[in-house]
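Residues per chain, in single letters:
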Amino acid sequence: MPPRGQPPPASGPGGPRPAVLLLAPLLLLALQGVAAAPAGAGGTEDSPGLQDAELQRGLLQQAARAALHFFNFRAGSPSALRVLAAVLEGRATVNPKKECQVDLVFTTDHYNREDGEERLGKCSARVFFRNQKPRPAVNVTCTRLIEKNKRQQEDYLLYTHMKQLKTPLDVVSIPDSHGHIDPSLRPIWDLAFLGSSYVMWEKTTQFLHYYMAQISSVNQWKTNDDAVDFDYTVLLHEFSTQEIIPCRIHLVWYPGKPLKVKYHCQELQTPEEASGTEEGSAVAPTELNNF
Amino acid sequence: MRRVLIFSVLLGAVLGKEDFTGHQVLRISATDEAQVQKVKELEDLEHLQLDFWRGPAQPGFPIDIRVPFPSTQAVKIFLEAHGIGYTTMIEDVQALLDEEQEQMFAFRTGARSTDTFNYATYHTLEEIYGFMDILVAEHPQLVSKLQIGNSYEGRPIYVLKFSTGGNSRPAIWIDTGIHSREWVTQASGVWFAKRITQDYGQDSTLTAILDSMDIFLEIVTNPDGFAFTHNKNRMWRKTRSLTEGSSCVGADPNRNWDAGFGMPGASSNPCTETYRGKFANSEVEVKSIVDFVKNHGNIKAFISIHSYSQLLLYPYGYKAEVAPDQAELDQVAKSAVTALSSLYGTKFQYGSIIKTIYQASGNTIDWSYSQGIKYSFTFELRDTGRYGFLLPASQIVPTAHETWLALRAIMQHTLNHPY
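Nothing here was measured: the structure is a model prediction, and the numbers come from that model.

*Asks:* Just to check I follow, could you spell out the overall build of chain B for this structure?
*Replies:* The number of helices and strands found in chain B is 13 helices and twelve strands. Projected onto its principal axes, the C-alpha coordinates of chain B cover approximately 90 × 55 × 40 Å. For chain B, with 419 residues in total, the buried portion stands at 59%. When the accessible area of chain B is evaluated, it comes to approximately 16400 Å², of which 50% is carbon and sulfur surface. Chain B carries 37 positive and 46 negative side-chain charges, and their two centres are separated by 7 Å.

*Asks:* Even after reading the chapter, I still don't get the side chain of A:H69, so can you show me in this structure?
*Replies:* Note on placement: A:H69 falls in helix α2 (residues 52–75). If sequence neighbours within four positions are ignored, A:H69 has contacts with A:S197, A:M200, A:W201, A:T204 and A:Y210.

*Asks:* I tried to follow the sheet that holds strand β4 (residues 85–90) of chain B on my own but got confused; where do I start?
*Replies:* Strands belonging to one sheet form pairs held by backbone hydrogen bonds; the direction of such a pair is parallel or antiparallel. All names here are of chain B. With antiparallel pairing, four strands are arranged side by side in an open sheet as β2-β3-β1-β4. Here the strands that pair on one side only, and so sit at the sheet edges, are β2 (51–54) and β4. Across the sheet, the mean angle from the axis of one strand to that of its neighbour is 30°, orientation sign disregarded. Note that β2 and strand β3 (residues 62–67) share three bridges and pair antiparallel.

*Asks:* What am I meant to see in the packing of aromatic side chains here?
*Replies:* For any pair of aromatic rings, the description consists of the separation of the ring centres together with the inter-plane angle of the planes. For the structure shown, the criterion picks out 32 aromatic pairs over all chains. Taking the centre distance of 5.7 Å and the plane angle of 45° together, the rings of B:W173 and B:F292 count as tilted. One end of the pair, B:W173, is in strand β7 (residues 171–176); the other, B:F292, is in helix α9 (residues 284–296), with 119 residues separating them in the sequence. Each member of the pair, B:W173 as well as B:F292, is classed as buried. Taken together through their ring pairs, the aromatic side chains of A:F70, A:F73, A:Y198, A:W201 and A:Y263 make up a single cluster.

*Asks:* Help me understand helix α3 (residues 69–81) of chain B, please; the structure alone is not making it clear to me.
*Replies:* Residues and elements named next belong to chain B. Along α3, the positions that sit buried rather than exposed are S71, T72, V75, F78 and L79. Seen from one end, α3 has its buried residues packed into an arc of 140°, which puts them on one side. Opposite the buried face of α3, at more than 90 degrees from it, the exposed residues are P70, Q73, I77, E80 and A81. Turning to α3, the residues buried within the fold contact β1 (24–29), α2 (33–44), β3 and β4.

*Asks:* What is the right way to look at the confidence of the model for chain A in this model?
*Replies:* When pLDDT is low, close inspection of the predicted coordinates is not appropriate. Per-residue pLDDT for chain A averages 77, and the proportion of residues at 70 or more is 71%. A low-confidence stretch, residues 271–279 of chain A (pLDDT under 50), is modelled with 18 contacts involving residues beyond four sequence positions or located in other chains.

*Asks:* What's the story with the state of the cysteines in this structure? I'm lost.
*Replies:* A covalent bond between the sulfur atoms of two cysteines is referred to as a disulfide. Enumeration according to the criterion identifies three disulfides over all chains in this entry. Paired through a disulfide, A:C247 and A:C265 show a sulfur-sulfur distance of 2.0 Å. Residues A:C247 and A:C265 share a disulfide whose torsion about the S-S bond is about 105°; that sign makes it right-handed. One end of the pair, A:C247, is in strand β7 (residues 244–253); the other, A:C265, is in strand β8 (residues 260–266), and 18 residues separate them in sequence. For the pair A:C247 and A:C265, one class covers both residues: buried. Put simply, B:C248 and B:C271 are joined by a disulfide, and their sulfur atoms are 2.0 Å apart. Between B:C248 and B:C271 the disulfide shows an S-S torsion of about 90°. By sign, it is right-handed. With a gap of 23 residues between them, B:C248 in the loop between α8 (223–231) and α9 and B:C271 in the loop between α8 and α9 connect regions that are remote in the sequence. Numbered in order of appearance, the disulfide-bonded cysteines of chain A are paired 1-2, 3-4.

*Asks:* Can you help me understand the domain arrangement of chain B in this one?
*Replies:* Think of interface size as the accessible area that goes away when the parts come together; that is how it is often given. By domain assignment, chain B separates into domain 1 (24–91) and domain 2 (114–241 + 250–416). Taken over C-alpha atoms, the centre of domain 1 of chain B sits 57 Å from the centre of domain 2 of chain B.

*Asks:* What's the story with the pattern of salt bridges in this structure? I'm lost.
*Replies:* Opposite charge on two side chains lets them pair, provided their charged atoms get close. Residue and element names in this part refer to chain A. Scanning the entire structure with this criterion turns up 24 salt bridges over all chains. The partner of K150 in a salt bridge is E154, and the shortest N-O contact between them spans 3.3 Å. Linking K150 with E154, this pair stays in helix α3 (residues 148–164), spanning four residues, or about one helical turn. With a relative accessible area of 37%, K150 lands in the partly exposed category. A salt bridge links K163 to D226; its shortest N-O distance comes to 3.4 Å. In this pair, K163 sits in helix α3 while D226 sits in the loop between β5 (210–224) and β6 (227–238), placing the two residues 63 residues apart along the sequence.

*Asks:* So what exactly am I meant to see when it comes to a nonpolar patch on the surface here?
*Replies:* Together, B:Y152, B:L242 and B:V284 make up a nonpolar patch on the protein surface, roughly 280 Å² of accessible area in all. B:V284 gets classed as partly exposed once you look at its relative accessible area, which sits at 30%.

*Asks:* Is there a simple way to explain the nonpolar core in this structure?
*Replies:* Side chains of a nonpolar character, in soluble globular proteins, are inclined to be buried together. Among the nonpolar cores identified, the biggest contains 131 residues, and A:L104, A:F106, A:V140, A:I188, A:I215, B:F162 and B:F379 are the most heavily contacted of them. Filtering out sequence-adjacent residues up to four positions away, A:L104 remains in contact with A:L60, A:A63, A:A64, A:V87, A:E89, A:G90, A:C123, A:S124, A:A125 and A:V127. Core analysis: the next-biggest nonpolar cluster, separate from the first, contains 34 residues, A:L235, B:I157, B:V286 and B:F302 among them.

*Asks:* Which parts of the structure should I look at to understand unusual backbone geometry?
*Replies:* A cis amide bond links B:P315 with the next residue in sequence, B:Y316, at an omega value of 5°. In this structure, A:Q242 takes a positive phi of about 65° despite not being glycine. A:Q242 sits in the buried class, given a relative accessible area of 3%.

*Asks:* I keep staring at the UniProt feature "active site" (unreviewed entry) in chain B and nothing clicks. Help me out?
*Replies:* Residues and elements named next belong to chain B. The positions UniProt marks with the feature "active site" (unreviewed entry) are E380. Here E380 falls in the buried class, since its relative accessible area comes to 8%. Of the polar contacts made by the side chain of E380, one reaches the backbone nitrogen of Y308; its length is 3.3 Å.

*Asks:* Help me understand the side chain of B:T207, please; the structure alone is not making it clear to me.
*Replies:* Residues and elements named next belong to chain B. In this structure, T207 sits in helix α7 (residues 204–212). The exposure class assigned to T207 is buried, which follows from its relative accessible area of 15%. Setting aside its immediate chain neighbours within four residues, T207 contacts D199, Y200, G201 and Q202.

*Asks:* Explain the sheet that holds strand β10 (residues 311–314) of chain B here, please?
*Replies:* All names here are of chain B. The eight strands are arranged β5-β6-β8-β7-β9-β12-β10-β11 in an open sheet whose pairing can be described as mixed. Two strands lie at the open edges of the sheet, namely β5 (143–150) and β11 (349–352), each paired on one side alone. Here the average twist between neighbouring strands, direction ignored, is 20°. Strand direction decides the pairing type here: β10 and strand β12 (residues 375–381), joined by three bridges, are antiparallel. When the bridges of β12 are listed, L312 appears paired with F379. Against the sheet, helix α6 (residues 183–199) touches β5, β6 (156–162), β7, β8 (214–218), β9 (299–307) and β12, its axis set at about 135° to β9.

The rules behind the values
- Throughout, residues of each chain are indexed from 1 in the direction in which the sequence is written.
- Going through the entries in the order they are written, you letter the chains from A and number the ligands from 1.
- Side-chain atom pairs in this predicted model are given and counted only at pLDDT of 80 or more, local residue features only at pLDDT of at least 70, and totals for whole chains, interfaces and linings cover all residues.
- Side-chain measures here rest on the full set of heavy atoms in the structure, leaving out hydrogens and waters.
- Numbered from the N terminus, helices here are DSSP runs of H or I no shorter than four residues, and strands are runs of E no shorter than two.
- For each residue, the accessible area found with a 1.4 Å probe, counting protein chains only, is set against the maximum for its type, and the residue is called buried under 20%, exposed over 50%, and partly exposed in between.
- Accessibility throughout is a Shrake-Rupley quantity obtained with a 1.4 Å probe, and a residue counts as covered only by protein chains that appear here.
- We score Asp and Glu as negative and Lys and Arg as positive, and we do not count His or the chain ends.
- Charge positions are represented by NZ for Lys, CZ for Arg, CG for Asp and CD for Glu.
- Between two residues, a contact is recorded if the distance between any of their heavy atoms is within 4.5 Å.
- Any two strands between which DSSP finds at least two bridges are classified as paired.
- Where helices are involved, their axes are fitted lines through C-alpha atoms of the stretch in contact, as for all axes, and angles between N-to-C directions lie from 0 to 180°.
- When the centres of two rings from Phe, Tyr and Trp lie within 6.5 Å, Trp using its six-membered ring, the rings pair. Their planes under 30 degrees apart give stacked, over 60 give edge-to-face, and anything left gives tilted.
- By definition, the arc is the one covered by directions from the helix axis to the C-beta atoms.
- pLDDT expresses, on a scale from 0 to 100, how confident the predictor is about each individual residue.
- What counts as a disulfide here is a pair of cysteine sulfur atoms lying within 2.5 Å.
- All domain edges in this entry derive from an automatic or database-based domain assignment.
- A carboxyl oxygen of Asp or Glu within 4 Å of a side-chain nitrogen of Lys or Arg is what we treat as a salt bridge.
- Note on patches: the residues involved have over 30% relative accessible area and no salt bridge, like charges join within 9 Å, and the nonpolar side chains Val, Leu, Ile, Met, Phe, Trp and Tyr join within 5 Å.
- Take the buried Ala, Val, Leu, Ile, Met, Phe, Trp, Tyr and Cys residues and link them wherever side-chain atoms come within 4.5 Å; each set so joined is a nonpolar core.
- UniProt positions are given in the numbering used here, feature names are shortened, and annotations may be inferred rather than shown by experiment.
- Pairs of N or O atoms are called polar contacts if they sit within 3.5 Å, as long as, within protein, a hydrogen donor faces a hydrogen acceptor (for residues adjacent in sequence, only side-chain-to-side-chain pairs).

What follows is the structure, given as structure tokens:
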């Protein structure tokens, strides 16, 4: 996969300031020339590059995002999706091949947090970035955020809701231009986010990270053997390049069963056609996680 | 029909800004040739300053006259004395003109006053431009509208000026909507405009600021892009300029400024979102601001507003070098962010562009800083990715309100630290 645009030196945003960031173990590693500073990180050759602290903070954020996308995908539960709250601590090592291994601890929030709800889950993860190649290897464990029974209940509710929706769905954009999602369409959004988590996990690198911006079309909707068969186009927003990437995603979901995802993302509008087609299922070639 | 008549007759007068308060339009029915002659006599009396919309012709044809207020009594007495029938077509010409102006604005905004304008929804370009006109009409002593140029596609580029007088006072510049898809920013700009008019004379901080300084607010900094987000592609970021040799449209107006232009931190590919443009200031939307700021010569704070990420940033973006005023800018940012979060607890990070978000060359505030405008800041408003650009409209007012507290803190610091 060709690198897209200018890789940034560090990506900071995405959540509140980390409450504690243990950099002491990092300093030792920093002296060993840790940070994988990409070309242009420091501007000209004469000016100093970014301080290692900033680069480290960026790497930890990236790792947390990759880990969380992967976690959400593996959990396969649209009612139990999580977002990043804060990175608590972590350390990174870079090998001569510019591959990064990041060990970190971070907190998460419920994606569909209700008002007043203040539940923070905690995750520890090991993420291995393969120098701008896709599919970071992720090993992640999280504390339980929602009671298993409650989660299964809500998933099943979502499932029945979706089975009742009439096909074909005459829906275009979710949310609409004004950011509004009709409550009846909320389950579609959640399930789409689940499927997109797989795509975003695969595409996240040390430098690139994604958000799901909008469902631009829902193409197909049928239920075979009771599973929800969902074919949609999502717009992903890649932050460092600011690009909007349309991805066609096809997923098959049944509550409690592993999610099956196939996708095709449109690559950058250059005169030469480039496309990436990826296929995956929950039985991805990574280590299992416990939750 | 009557309306068309009024506009065609009074257009010149309206443009000249005459006042028609108390003027009446009388329709006279002259029943015979003698009466027609009598009305013609009126025409000769120059001191009456009569304006014949439909002159005396033949009996049976109406004669319409606009009569200035001082002459109304005299004319009516004359007509009655000679038994010439008449009706008052228009009781007060100015009132009618005012009503029609209002309706014109109402047609454009859907609102007749800035008090009935809906701030909790996203608006079109026409609606926002209409809002500006109403605001100026409601507060002519405080607000004026300047046109600083035209967009690539020929749309006017407007800046609101808030001033209590003086001559080229030190000023604060705020722009929203430079990236058209960041809709919460234009919406917040509209809210800020209204807020300023409400706070002057009510809020001691804002009053002190406006008593010594001017505020310039450009709400739709990229009107072509904004129109495009409404009509064609909600996710459009750049301008809509055509690039020779490419089928791709638009340059990133936040990579087009003359500060580190051409260095890493922007793209040279016209098909990308961070395409810097063929050369610095190639985008008229950017050049218009550059010209304005340079001509003004007394801008002391420059704040450019984006979304999303919840950040408050200061220079530099194009290089890792620490800005000379870093320590002070960091302090100001910290107090601004504290003020912001005091309202709803919304957490913002702050720091230099390059350390906090990413390397960005040719960006707005690196340029403004290079012009000697010390207090140069960029905001990234709500949220942190859950909705991103498609922030629900219900969050517009809370976002604008909390951001306003940060802006006020920056403006206050600027006021108290003249340089």
